[in-house]
Structure formats: structure tokens, C-alpha cells
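# A look at the structure
What follows is each chain in one-letter form.
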Amino acid sequence: MTVPPTIVAPSILAADFARLADEVRAVEGAADWLHVDVMDNHFVPNLTIGLPVVQSLRAATQLPFDVHLMIEDPRRWAPGYADAGAYNVTFHAEACDDPVALAKDLRSAGAKAGLAIDRDTPIEPYLELLPSFDTLLIMTIKAGFGGQRFIPQLLEKVRAARRHVAAGHLELRIEVDGGIAADTIEQAAAAGADAFVAGTAVYGADDPAEAVRRLRALAERAISGA
Ligand SMILES: O=C(CO)[C@H](O)[C@H](O)COP(=O)(O)O
Ligand SMILES: [Fe+2]
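Residues numbered from 1 in each chain as written. Chains lettered and ligands numbered in written order. Predicted model: local features only at pLDDT ≥ 70, side-chain atom pairs only at ≥ 80, totals over all residues. Heavy atoms only, no water.

## Digging into the packing of aromatic side chains
Each aromatic ring pair is described using two quantities: the centre-to-centre distance and the angle formed by the ring planes. What counts, and what does not: The criterion for an aromatic pair is that two Phe, Tyr or Trp rings (for Trp, the six-membered ring) have centres within 6.5 Å, with stacked assigned to planes under 30 degrees apart, edge-to-face to planes over 60 apart and tilted to the rest. Runs of E in the DSSP output that reach at least two residues are strands. Runs of H or I that reach at least four are helices, and both are numbered from the N terminus.
In total, this model carries two aromatic pairs according to the counting rule given. Taking 5.7 Å as the distance between ring centres and 50 degrees as the angle between the ring planes, the aromatic pair formed by Trp-33 and Tyr-87 counts as tilted. Highlighted residues: Trp-33 in the loop between helix 1 (20-25) and strand 2 (34-39) and Tyr-87 in the loop between helix 3 (74-83) and strand 4 (88-92), separated in sequence by 54 residues. When the ring of Phe-91 is compared with that of Phe-133, the centres are 5.9 Å apart and the planes differ by 55 degrees; the resulting orientation is tilted.

Encoded structure:
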């Protein structure tokens, strides 16, 4: 698989769950990954979908799945998503006492491993773990709900992560999640993000595929400094 320089990952959290397969197909061909938010009503105060839905959806699309686990006890559940064919499985640093061990398990199960950092968690203690990961997801809101307002101050974590990645020549995606839209994606890209989750901005648009293409064009323009 060739690796696109900029990833746009529509979040199905903002899709119509009664028409999930159709909603996914609406962004196929435009999106790079499909972002799947799994919430357990314990780690965050919201409940979404779990493994059976991901297993069924896997057969409905060619898009790589970017699973974002907002759950307690990710060591118990995360490998199941890798087994279900997820491309990237991201769990929260705050929910895991041995993130490196779980990253190894995910890679052994054939998935990329992602570490997520919530709004109130500093990035510094986790920078030294990054060589064990393929993706670092930096929340640009408080995890739990779609449709929230982007918090620009959180981009300081993106800048710190980008500096660390550059200094260490690491191969790591820096993904931002929460409130990413046409008026925020350029700041996130300029700060050093190269993967962008967008729920409301994609599925709230009249043409979700066009919204994805527009977001990518804005991000690429900001990254190239044009
Ligand atoms: O992880 C998430 C919420 O915890 C979602 O991925 C995120 O909120 C995307 O939705 P939006 O673009 O509407 O903010
Ligand atoms: Fe997410």
C-alpha cells in the first residue's frame, strides 16, 4: 500500500448509524482511513459501537479502519479489533498501564499501533514511548462527543510531538481529532499534524466526499507553506 502524505479520516460518529454502510461508501474514494470511535460509557461518558459492528462493517468497504478506542481495559479488547481487520488501533494512554506491551500485541496481531492523548494529559511523559507506535492521536477536544469546539491551545502538544519525531527521525503519524473543519485544519497542519479526523465537518456537509477533498487540499496547502 502506498502511504499518502496527508491522511483524512472521516469519523462515522457523525454519520447516520441507521445507514452506516451507505454513509461509509459515500466517502470511499475520497477518504484515506475511516475513523471508528468506540466508547464504553466508562472511560468516557458516552456509548457508541463495538466489535460486532466493526466486524460487519469490515465487509462493506475497502477503506482502512482507524479505530479509536475510548474504553477502559484496552488490553482486553484492543487485539480483537486488530483481528477484525482494523488497519490502525489506537488506545488511550490514560487507560493503559503498559502502553508499549499493548502496542507490541497490536503489531503482532497485524495492526498499526496508536497512542491517544486526551485533552488534560501532558505529552512529555509519552514522548519516549513513541518508537513503539505508528500513530500518535492528539485530542483537540475532550474525548467523548463529536461536534465540540476545537481547542487551539492543544496544538502545543502537536508541535512538541513533531519536534520529537523530527529529532528522532521517527516514522510516526501525528493525528488530530476533535473539531477539525475547514477553519481549523490549516492550524493543525501547520503545527505538524499529518492525519486529520473529521466527523461533523464531513457528515454534516451536503457532499461528504467533496468535504473530505476540500479538507485535504487545505491541509496540504498549510503543510507545503503555500
Ligand atoms: O473521538 C472523537 C470524540 O471523542 C471523534 O473522533 C471526534 O469528536 C470527531 O468528531 P468531530 O469532528 O465532530 O469533532
Ligand atoms: Fe475519535
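## Here's the deal with the packing of helix 3 against helix 4 (residues 99-108)
For the record, the criterion: Helix axes use the C-alpha atoms of the stretch in contact, all axes being lines fitted to C-alpha atoms, and the angles between their N-to-C directions lie in the range 0 to 180 degrees. An angle counts as roughly parallel when it lies under 35 degrees, as roughly antiparallel when it exceeds 145, as roughly perpendicular when it falls between 65 and 115, and as oblique in every other case. We call a crossing left-handed when the near helix sits turned anticlockwise from the far one by less than a right angle, and right-handed when that turn is clockwise. Note on contacts: a residue pair is in contact if any heavy atoms of the two residues lie within 4.5 Å. Gly is placed with the polar residues, together with every amino acid not listed as nonpolar (Ala, Val, Leu, Ile, Met, Phe, Trp, Tyr, Cys and Pro) or charged (Asp, Glu, Lys and Arg).
Interaxial distance between helix 3 and helix 4 falls to 9 Å at its minimum, and their mutual angle equals 20 degrees. On the basis of the axis angle, helix 3 is roughly parallel to helix 4. Crossing geometry of helix 3 relative to helix 4 is assigned as right-handed. Contact with helix 3, carried on its side by Pro-74, Arg-75, Ala-78, Pro-79 and Ala-82, involves Ala-101, Leu-102, Asp-105 and Leu-106 of helix 4 and no other residues of that element. Considering only residue class, the contact of helix 3 with helix 4 consists of seven nonpolar, no polar and two charged.

## A closer look at the coordination of the iron ion (ligand 2)
To be explicit about the condition: Distances up to 2.8 Å from the metal define which N, O and S atoms are donors, and 3.2 Å serves for Na, K and Ca; water is absent from the atom set, so sites may look incomplete. Geometry is assigned from the angles between donors: four donors with all angles from 85 to 135 degrees make a tetrahedral site, four or six donors whose opposite pairs exceed 155 degrees while the rest stay between 65 and 115 make square planar or octahedral sites respectively, and everything else is labelled irregular. We call a residue buried when its accessible area falls under 20% of the maximum for its residue type, exposed when it is over 50%, and partly exposed in between, using a 1.4 Å probe and counting protein chains only.
Bound to the iron ion (ligand 2) on the protein side are His-35 (NE2), Asp-37 (OD), His-68 (ND1) and Asp-177 (OD), at distances that span 2.1 to 2.3 Å. Each of the six donor atoms around the iron ion (ligand 2) contributes to a set of angles spanning 72 to 175 degrees, which defines the coordination as octahedral. Counting residues between consecutive donors of the iron ion (ligand 2) along the chain gives the motif H-x1-D-x30-H-x108-D. Note that Asp-37 is positioned in strand 2 and Asp-177 in strand 7 (residues 173-177), a separation of 140 residues in sequence. Note on Asp-177: relative accessible area 8%, which makes it buried.

## Things to note about the site of ligand 1
Worth spelling out the cut-off: Whether a residue is near a molecule or strand depends on its heavy atoms: if one lies within 4 Å, it is near. As used in this structure description, the phrase polar contact means that two N or O atoms lie within 3.5 Å; if the pair is within protein, one of them must be able to donate a hydrogen and the other to accept it, and residues adjacent in sequence are counted only when both atoms belong to side chains. Accessible surface area values rest on a Shrake-Rupley calculation with a 1.4 Å probe, where residue burial reflects the displayed protein chains alone.
Lining the immediate environment of ligand 1, one finds 21 residues, of which Asp-37, Gly-144, Asp-177, Gly-199 and Thr-200 sit closest. Within the backbone of Gly-147, one N or O atom sits 2.9 Å away from an oxygen atom of ligand 1. Protein contact buries 99% of the 370 Å² of open area that ligand 1 shows by itself. When residues in the shell around ligand 1 are grouped by element, the largest group, three residues, is from strand 2.

## Some remarks on the UniProt feature "binding site: a divalent metal cation" (unreviewed entry) in the chain
Defined as follows: UniProt positions are given in the numbering used here, feature names are shortened, and annotations may be inferred rather than shown by experiment.
Under the present numbering, the feature "binding site: a divalent metal cation" (unreviewed entry) in UniProt falls on His-35, Asp-37, His-68 and Asp-177. Across 143 residues, the annotated set stays spatially compact, with a maximum C-alpha separation of 10.6 Å. Within the secondary structure, His-35 is located in strand 2. Not counting residues up to four positions away in its chain, the partners in contact with Asp-37 are Ser-11, Leu-13, Thr-48, Ile-49, His-68, Met-70 and Asp-177. There is a polar contact of 2.7 Å between the side chain of Asp-37 and the side chain of Ser-11.

## Let's talk about the pairing of strand 5 (residues 112-117)
Inclusion rule: When DSSP finds two or more bridges between two strands, those strands count as paired. By definition, the crossover connecting two strands over a helix is right-handed if that path, from the first strand to the second, turns clockwise as seen with the strands pointing away from the viewer.
When you tally the buried positions in strand 5, you get five out of six residues, the bulk of the element. For strand 4 and strand 5, the ladder comprises five bridges, and the chain directions are parallel. Along strand 5, the bridge assignment pairs Thr-90 with Gly-114. The parallel pair strand 4 and strand 5, bridged by helix 4, forms a crossover whose chirality is right-handed. The pairing of strand 5 with strand 6 (residues 135-139) spans four bridges and is classified as parallel. Bridging across to strand 6, Gly-114 finds its partner in Thr-135.

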